[in-house]
Structures are given as C-alpha cells and as structure tokens.
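For reference, the chains in residue letters:
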Amino acid sequence: MVTAIVGAGIIGTTLAYELQKRGHQVLLIDRDAPGRGASYGNMASIAVTEFMPASRPSVWRQIPGWTLDPEGPVRVRPAYMPRLIPWFARFVAASRPSRLRALEAQGAALCARVHQDLGALLRETGLEGELTEEGCLSLYTDQAEFRADREHIEILERFGFDHHLLSGADARALEPELSDKIGMAVLFPQNRSLRDPYRLVTSLADRFTAMGGRIEKAEVAGFDRSNRITALRLTDGRSLLVDQVVLAAGAHTARLSKLLDEPMPLETERGYHTQIMSPGISMRHSIIWPARAFMVTPTAGGIRVGGTVEMAGLDAAPDYRRAKITVKRASEALPNLRCEDFTEWMGHRPALPDTVPVMSASARIPGVFYATGHGHLGVTYAATNARLMADLITGARPPIDMTPYRIDRF
Ligand SMILES: Cc1cc2nc3c(=O)[nH]c(=O)nc-3n(C[C@H](O)[C@H](O)[C@H](O)COP(=O)(O)OP(=O)(O)OC[C@H]3O[C@@H](n4cnc5c(N)ncnc54)[C@H](O)[C@@H]3O)c2cc1C
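Note that the structure is a prediction, hence the values are computed from the model and not measured. (Residues numbered from 1 in each chain as written. Predicted model: local features only at pLDDT ≥ 70, side-chain atom pairs only at ≥ 80, totals over all residues.)

Peer 1: What am I meant to see in the sheet that holds strand E20 (residues 368–372) here?
Peer 2: The strands making up a sheet are joined through hydrogen bonds of the backbone, oriented either antiparallel or parallel. The strand order across the open sheet formed by six strands is E9-E2-E1-E13-E20-E19, and the pairing between neighbours is mixed. Two strands lie at the open edges of the sheet, namely strand E9 (214–217) and strand E19 (358–361), each paired on one side alone. Going from strand to strand, the sheet's axes swing by 20° on average, the running direction of each strand aside. Pairing geometry for strand E13 (residues 244–247) and E20, over three bridges, is parallel. Counted as the bridge partner of leucine 247 is tyrosine 370 from E20. Of the strands in this sheet, strand E1 (2–6), strand E2 (25–30), E13 and E20 touch helix H1 (residues 10–21), which is tilted by about 165° from E2. (Pairing = 2+ DSSP bridges. Helix = DSSP H or I, 4+ residues; strand = E, 2+ residues; numbered from the N terminus. Axes fitted to C-alpha atoms, helices over the stretch in contact; angles between N-to-C directions. Contact = placed C-beta atoms within 7 Å.)

Set out below in structure tokens:
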C-alpha cells in the first residue's frame, strides 16, 4: 500500500513522517528539494494567537485604500485584479457575523492543539531545541493603536489564550532595543518561534528517510484513475503507481486539484523576508507591530524581517520593494537595526478565502486527500495537520470534528 504525498514543504514532510511512523509506505514527491517553498523563509512563528480570520469588515473596508498605497500592508498588482475577483467575493462573504464566529472557533480549535502536537513531534524526533522559549511582543505607540487591535485581543480572551499587557518601559525591559516610540505592548507567551523553519523541514525529512520513507524529486503533472486513484503522471514521462495520494503542494495545490475535477479557491498571498546576518543588535522575542504590518523574528541565521501581503499570482516575478518597506518599518521599532549584510526572499502563502485550511478526503475520488490552505499559519499548524490528517488517512478517529475543514465546504 503506497501513500504518495505531493509537496515536501512543512505540511507534506511532517505528514510523511507521521504516516511512515504509523506503518505506511510513504513516497514524498517534490519537484525541488524538501522545504524550498513557502516553508523555507517564513517568519518562523508558532503563531497560535493569530488564528483570527483575515476577512472582517474592519479589514476589507481598508483594502481599496491599501491597494492604492504602494507601501500599504496589502498590495494587489493591477494586472492581477480581474483574476482575484471570485476569490475576493468569497473573502468578503466569509465576514458575515455568523460565519465569522464559526471560523474563529475553527481556527482556535486548531491553535489550542498546536503546542501539544508540536511538542510531541519535537520530543520524539529529538528536535526540542528548535523551538524557542520566548513569546512574541505586539507593539503599540499609544492607546489609540491598542484600541484598533482590541478586536484581536478580545477573541484571544474568549478562547482562553494567554496575553499580558505591558507598559512601554516593561516592553523595553524585555527587549532593550525597542524604540521609546513604543508606548505599550502585549506579550503573547505561547506565540513562540522556531530557530530555523527550513532546518526543521530538512531534519524531519531525514527522520522520515531513516524510517524507510522514500523521497522522489519529480514534478506531478497529472493523475490516472479508474474508480479510485491509481497513478501519478510526472513531467519526465514516468508514471508512479500509488494506492493513495495526499496533495500538499502549498499554493500550487489548486492546479493539481483542478486536474481531478475538484477545484478549490486557493490563492497565493505572497510575502517577503529580509534576513539580516549582521543586524548590529540582538533580540530574544519576536515582535509584531500591527499598525505597521511587519514582524521581526530572531532566527539561527540572524534577524528576519518580514510580513506584508502581495496578490499577484504564482508566476509574477518578485518585487523586492515589498521587502524593503518592512525593513524601513522595522527600523522605526528598532532604531539601532543595521541592514547591511542581508538576503531577500519571496514565498507563496497558500490562502483560502475563509482562512481555515483544507484537511480532508476528496469528496469525489477514493484514495485522494488534501492538506493545504494553511495560509499565514502553515508552520504553526504543521504538527497538528499531520496528526489529524494521519488519523483521517489511517481510519483513526481524529480528536476534533473535521467537518469544517472539508474540501466540499466551498
Ligand atoms: C513571508 C512569509 C511569512 C510567513 N510566516 C509564517 C509564520 O511566522 N508562521 C507560520 O505558521 N506560517 C508562516 N507563513 C506561512 C507558511 O510558510 C506556509 O503556510 C507554509 O510554509 C505552507 O507549507 P506547505 O508545505 O503547504 O507549502 P510549501 O512549503 O510551499 O511546499 C509546497 C511544495 O510543493 C511542491 N510542489 C508544488 N507543485 C508541485 C508539483 N506539481 N509536483 C511536485 N511538487 C510540487 C513545491 O516545490 C513545494 O516544495 C509565512 C509565509 C510567508 C510567505
């Protein structure tokens, strides 16, 4: 019984490890080396306090203004706007009050499991050292900025996630490099970060192959099926016989699901990072400044600055001005930050319009499963996704109701 997983990002690799551990014969397929997609350069945050659905009236009302502002937190490339309309219509529809309450609960149900599932995975693989102990500081200049973020804090209170309100001076006691412009902050102690998300993928891939799992470097271009899936067709002309397949190709999954007549409204929310190898400062906590829409994370290879969303599809060339904007904003919070020795990177967040992922069996074809659409939280959700998907695939009973994450909800 061969279970193929297409996509060796954090989602596919973690699931491959979990299924191989449970006795499946797993074939992990990627056109690139494991972990070179979005899972490579993300902000490394185990962001359990960031499950709030992106679509809310307070957000989408600002989008037209943001799109006109080249330095705004969301940028839509004009040529891509027509392609985005159906997705954006679903995005707006997801903000109906009753739908919003349900989506919040669905995100919270996953985030509430994250430390349990991730902790177990890191312990059994000997990778506990990859997770930092420190939390994340959310920054505000003043009460007015804090009030604008109040909706977020209220949701965390409703679902019981820890947070501590700090004065600017308290925040600087934790992170002395913070500017005195910062008048208050909230510490999210559960919102910790990985030292290097790419290293986590490659380490898990090594553990997977050590258990007998196989990794194949190949691009999947199609499928053979009778009454169920039978084979994967590759761009090099080969066919691989499989009994089951999990499509976990990140933002590229919709191209594959369409070939199975099972379209999904998956977009790429492109994001950028700047990795600063010699930043001239040191930090222990990650920081996020909601009003300026950037994040800074101390990682194994220096300080990583990132954030912002660019809607421009899968094929457009990167626009690294987006990365420079976040560094400019980060310098407001960290006046001593030096950006001299750095690299820039762009990645594709796999984004569904209602923010919750698809973790599901196909509604049409026996033997096909989907694990995608983890959006801004793919690293956060990876171990939980692996636990839940492995339960679905092996016929065990998942510990939470999986109905909200089905592909046929659209
Ligand atoms: C700037 C930025 C910051 C982020 N910060 C965070 C954060 O702090 N915390 C967090 O939790 N998440 C964060 N994310 C989101 C997170 O990175 C993603 O949700 C996650 O990496 C998605 O993982 P994945 O395995 O689904 O996709 P990917 O890592 O993109 O992997 C998909 C893989 O599929 C392969 N593939 C695609 N098509 C085919 C095909 N036809 N055949 C074979 N292989 C194929 C690709 O080569 C790729 O390796 C961030 C993302 C970005 C861009």
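Structure's up, so let's keep going.
Peer 1: Looking at this structure, how should I read the sheet that holds strand E11 (residues 229–234)?
Peer 2: Read across the sheet, three strands follow the order E10-E11-E12 without closing on themselves; strand pairing throughout is antiparallel. Each edge of the sheet is formed by a strand with only one pairing partner; in this case those strands are strand E10 (220–225) and strand E12 (239–241). On average, each strand axis in the sheet is inclined to that of its neighbour by 25°, with strand direction left out of account. Bridge count between E11 and E12: three bridges; the pairing is antiparallel. Counted as the bridge partner of arginine 233 is serine 239 from E12.

Peer 1: Looking at this model, I keep getting lost on helix H5 (residues 81–93). Mind explaining?
Peer 2: Think of an α-helix as 3.6 residues a turn; residues three or four steps apart then line up on the same face. Taking 1.5 Å as the rise per residue, H5 with 13 residues should run 18 Å; its terminal C-alpha atoms sit 18 Å apart, in good agreement. Where H5 bends most, the angle comes to about 35°, and this point is tryptophan 87. (Expected span 1.5 Å × (residues − 1). Bend = angle between axes of the 7 residues up to and from the residue.)

Peer 1: Explain the site of the ligand to me, please; I cannot follow it from the model alone.
Peer 2: Lining the immediate surroundings of the ligand are 43 residues, of which Gly9, Gly37, Gly250, Gly271 and Gly378 lie closest. Among the elements of the structure, H1, E2, helix H2 (38–41), strand E14 (267–276), strand E18 (342–351) and helix H13 (378–394) are those that each provide at least two residues to the shell around the ligand. By residue number, the principal contributor to the shell around the ligand is E18, which donates four residues. Broken down by class, the residue content of the shell around the ligand amounts to 17 nonpolar, 20 polar and six charged. (Near = placed C-beta within 6 Å. Nonpolar A, V, L, I, M, F, W, Y, C, P; charged D, E, K, R; others polar.)

Peer 1: Sorry if this is basic, but what is going on with the nonpolar core here?
Peer 2: Side chains of nonpolar character tend, in soluble globular proteins, to be buried together. In terms of nonpolar packing, the biggest core is built from 104 residues, with Ile5, Val6, Leu15 and Met389 touching the most fellow members. No other element matches the nine residues that H13 contributes to this core. With sequence-adjacent residues up to four places away left out, valine 6 is seen in contact with Ile29, Val220, Val245, Leu247, Ala248, Ala249 and Leu256. (Core = buried A, V, L, I, M, F, W, Y, C linked by C-beta atoms within 7 Å. Buried ≥ 20, exposed ≤ 12 C-beta atoms within 10 Å, placed from the backbone.)

Peer 1: How do you make sense of the pairing of strand E7 (residues 184–188) when you look at a structure like this?
Peer 2: In summary, the side chains of a regular strand alternate between the two faces of the sheet. In this sheet, E7 lies alongside strand E5 (residues 136–140) in antiparallel orientation, the contact comprising five bridges. Bridge pairing links cysteine 136 to phenylalanine 188 in E7.

Peer 1: So what exactly am I meant to see when it comes to the packing of H1 against H13 here?
Peer 2: The relative placement of two packed helices comes down to the angle between their axes together with the axis-to-axis distance. The contact between H1 and H13 brings their axes to 8 Å, and the two run at 40°. By the criterion of interaxial angle, the relationship of H1 to H13 is oblique. Handedness of the crossing formed by H1 with H13: right-handed. Contacts from Ile10, Ile11, Thr14, Leu15, Glu18 and Leu19 of H1 reach H13 at Gly378, Val379, Ala382, Ala383, Asn385, Ala386, Arg387, Met389, Ala390 and Ile393. Each residue belonging to the contact of H1 with H13 can be placed in one class, and the counts come to eleven nonpolar, three polar and two charged. (Parallel < 35°, antiparallel > 145°, perpendicular 65-115°, else oblique. Left-handed = near helix turned anticlockwise from the far one by under 90°.)

Structural measurements only, silent on function.
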